[in-house]
Amino acid sequence: MRKIINNITAIIIAALMLQCAVAAADETSKAPLKVDASLLLVNNQAPFVSVTLKTKIDRKFTPVADMEVQFYLDKDAASGGQLIGKAKTNNRGKLTIGIPASLQAAWKAAPTHKIIAVTAKTDKFDETSTEVNCVKTRVTLDTAEDKNVKMKLEEWKDDHWAPVKDAEVKIGVKRLLSDLNISEKETYKTDSAGEVVAEFKKTGLPGDKNGNIILVAKMDDNDTYGSLRFEKPIPWGEKYVPESGALGRALWAGRFHSPWWLLFIAYFIIIGVWGSLAFLVMAIFKIRAIGLKEKAAGK
Amino acid sequence: MENNKLTADEKLIAELMPRKFNKLGVIWVALLSVICVFGLYAYILQLRYGLVVTGLRDYASWGIYISNFEFFVSISIVAALFTAILRLFNVNWATPITRIAEIIAFSGILFGAIIIIVDMGRPERFYNLFIFGRLQSPILWDVIVICTYLCVSVILLYIPLMPDLKLLIERKPKAVAFLHGIYKFFGSFWTGSKEQEKVANNSVNILCVAMVPVALIVKSVTSWLFATTFRTGWDSNNFGAYFISGAFLVGAGCVVVAMYIYRKYWGLEKYITDMHFDKMGRILVLLALIYGYFNINEYMLPFFKVKKEEEILLNSLFSGSYAVAFWSAIIGGMIIPTVIMLFKNGRKPVPMFICGLLIVTGAWIKRYLIVTPTMLLPFLPMHNVPPAYTHYYPTWQEWAIDIATLAGALLVVTLFTRFFPILPIQELINESHEKDNK
């Protein structure tokens, strides 16, 4: 019995000591910095890299604001990598950076790239480094067939564009705050030719004055290719010309729709006052003319 | 008799002709110039880096620039009171102070216009107000009335100055060529004939009639900039009358301060007498009581009804973070001067000067209290803004620019007295002749 009690006591003491050691280690080590980096390709242009920095405070992930991140192309600074740029995170711990014009030639020279995001050592965090692999991709949208959308997704491989198979994509129409699916189907999978065919089922969508709406093909957070977005205007919407005078003449209407009573009062005052001022300026000239005339007459 | 008259006129002209500054005057002008240059430097910084160098943020997008703007517009309508109203009512005792009121009005509206452009941050976009401005917007009304009042002030200053310009041409032949050129360009055609006097008098009378509504519109419109906005502290039907009464009070206070300084500095005791201070004291008491009445309307009624948002604002003014400033403005800037001026001895030059200073200082603080606390209390608090945005502390650049505009206004008023007669010489001569004829 005594042996059991001794063993339990030893275990408790050991647990307490371990706890103290962990606590002590926590106090001396820096908080972990979680770096999420992703790639975004818009309209087949050079990509953007988005980074989100988070740290754990009271067991909750909290954004790290105002922290500088440096980006390098292919190699890090120590290995002679070219600096893409540096930026600071916003209040939500996020930042986005694009490939500058000065690096476009280097970007085009190779089929794949690596973008390395580096945060420097600070009082709170250790130095971190995260890599994002960039595979060159291309999206095409074919809308030649009426109300049918054919999307093709390709990647640059072995000096030619090869189809991307089994990739999950979405096709929609750009609206004010989000994209609207063009049919009931939310996502599509590319076939062996890297293609997806979707039927455009939305009717009566208001477009611009020519009936143009923006068709959107996109891929979200793909492990290999990142996020892609391709937009193309198509005349499949309803023609919509906003009536600027829809509200009629009101205090809250546009500048060419002031209420008549306001126009009348304002112009009455303006013409009255400025008319008086013009009369007074003329009076000054009259005084001058009288004086000059009198002087000429030798009075 | 005729010779005596001539001698008296000559004496009056000699006494009221502008003279060189003495050492004190030179130091004063130099000091104001240095402040203006420093303010200009601060403004260049603001132009270069944007409004981020100020304390203005999403919450308090109006700060001491707008307080200063309100202050300048307030003092500028004083000409409507002393030139227009008193002239229309044939109040002859006010003749020596009309030009003081006119130059204060001109200087006030000029720097009011300047400070509003400073507040814009991007002055090169000012023309957009005219291209894209909506007539429904009080901002556009404000631009129109400020421009109009600036023109009115210039004409009001110029027409009564014509006869004195003629005197300057005759008596100041040794003035520097540029200055003499200005005198000649603007006044050489004045002969003082009856025909000219008739046109000039008619013009001044028309101007006085036009001046009163224009001045009231100017001040009303600047009050409507606030009152047409649905915000705690500004959502008031009382604002037009409240602002106009406050403007008359601070304008008259400025005139008293200027009267005292001009009298003391240029030795004008014979022309700006104790009687003038006494009368000004009576006017100031009346104006302070009217302004006090509108203050009661402005603060007591919301205090009685105690809407939640009003309660927060009033508590901050009455007993919170703005209490010292608020009670300084009410007690120091209104009640104490009123009590002092109720007594005959309180309407002597020195106490009147002190009262004027108290009123003017209180008025500036009051305009700060009208603008800032309300800005920091929106009905819908913003989300995801840094905590610093919910406070407003003017930066040194803002103070430098604000103080520079005040110094600039003082510089204009000061330099005017160096080159032009601060009292209307010809009018005083005419009045003395009329008195003699009676």
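Conventions we followed
Residues numbered from 1 in each chain as written. Chains lettered and ligands numbered in written order. Predicted model: local features only at pLDDT ≥ 70, side-chain atom pairs only at ≥ 80, totals over all residues. Heavy atoms only, no water. Phe/Tyr/Trp six-rings, centres within 6.5 Å; stacked < 30°, edge-to-face > 60°. Buried < 20%, exposed > 50% of the residue type's maximum accessible area, 1.4 Å probe, protein only. Helix = DSSP H or I, 4+ residues; strand = E, 2+ residues; numbered from the N terminus. Contact = heavy atoms within 4.5 Å. Salt bridge = Lys/Arg side-chain N within 4 Å of Asp/Glu carboxyl O. Polar contact = N/O pair within 3.5 Å; in protein donor to acceptor, adjacent residues only side chain to side chain. Nonpolar A, V, L, I, M, F, W, Y, C, P; charged D, E, K, R; others polar. Core = buried A, V, L, I, M, F, W, Y, C linked by side-chain atoms within 4.5 Å. pLDDT = per-residue confidence, 0-100.

Student: Quick one: what's the story with the packing of aromatic side chains, residue by residue and with numbers?
Tutor: All names here are of chain B. All chains considered together, the criterion is met by 37 aromatic pairs over all chains. Measuring from centroid to centroid gives 5.4 Å for Y293 and F294, while their planes differ by 65°, and the two rings are edge-to-face. With a relative accessible area of 49%, Y293 lands in the partly exposed category. Classification of F294 as buried rests on a relative accessible area of 18%. Taking 5.4 Å as the distance between ring centres and 50° as the angle between the ring planes, the aromatic pair formed by F318 and F326 counts as tilted.

Student: How would you summarise the side chain of T52 of chain A if you had to cite specific residues and measurements?
Tutor: Residue and element names in this part refer to chain A. Position of T52 relative to the elements: it lies in strand β2 (residues 48–57). Relative accessible area serves as the criterion here: at 16%, T52 is assigned to the buried category. Contact partners of T52, with chain neighbours within four places excluded, come to K34, V35, D36, G93 and K94.

Student: I'd like a description of the interface of chain A and chain B, backed by residues and values.
Tutor: With 33 residues of chain A in contact, the opposing surface of chain B contributes 32 residues. Here chain A and chain B share zero salt bridges between them. At the boundary of chain A with chain B, the tally comes to twelve residue pairs in polar contact (both at pLDDT 80 or more). Tallied by class, residues from the side of chain A that touches chain B come to 22 nonpolar, five polar and six charged.

Student: Which residues make up the nonpolar core, and what values go with them?
Tutor: Membership of the largest hydrophobic core comes to 149 residues, with the highest contact counts inside it found for F82, I100, Y149, F226, V255, L268 and M280 of chain B. Considering every element that reaches this core, the biggest residue donor is helix α11 (residues 239–266) of chain B, with 18 residues. Residues within four places of F82 of chain B in sequence aside, it is in contact with R87, I97, T98, A101, A252, V255, M280 and I283 of chain B. If you look at the next biggest cluster of nonpolar residues, it comprises 27 residues, including V135, V139, L153 and V169 of chain A.

Student: Explain the pattern of salt bridges to me, and be specific about the residues and the numbers.
Tutor: Throughout the structure, instances matching the rule amount to 22 salt bridges over all chains. A salt bridge links K218 of chain A to D179 of chain A, with the nearest nitrogen and oxygen atoms 2.9 Å apart. With K218 of chain A in strand β16 (residues 213–222) and D179 of chain A in strand β13 (residues 179–181), the pair connects residues that are 39 residues apart, well separated along the chain. Between R171 of chain B and E10 of chain B there is a salt bridge, and its shortest N-O distance comes to 2.6 Å. Taken as a pair, R171 of chain B in helix α8 (residues 162–171) and E10 of chain B in helix α1 (residues 2–16) lie far apart in primary sequence, 161 residues in all. A single network of salt bridges, built from pairs that share partners, joins K174, D179, K218, R229 and E231 of chain A.

Student: Pulling in residues and values, what's your account of the confidence of the model for chain B?
Tutor: Across chain B, the average pLDDT comes to 91, with 98% of residues at 70 or higher. Among the prediction metrics, the complex's ipTM stands at 0.87, with pTM recorded as 0.73.

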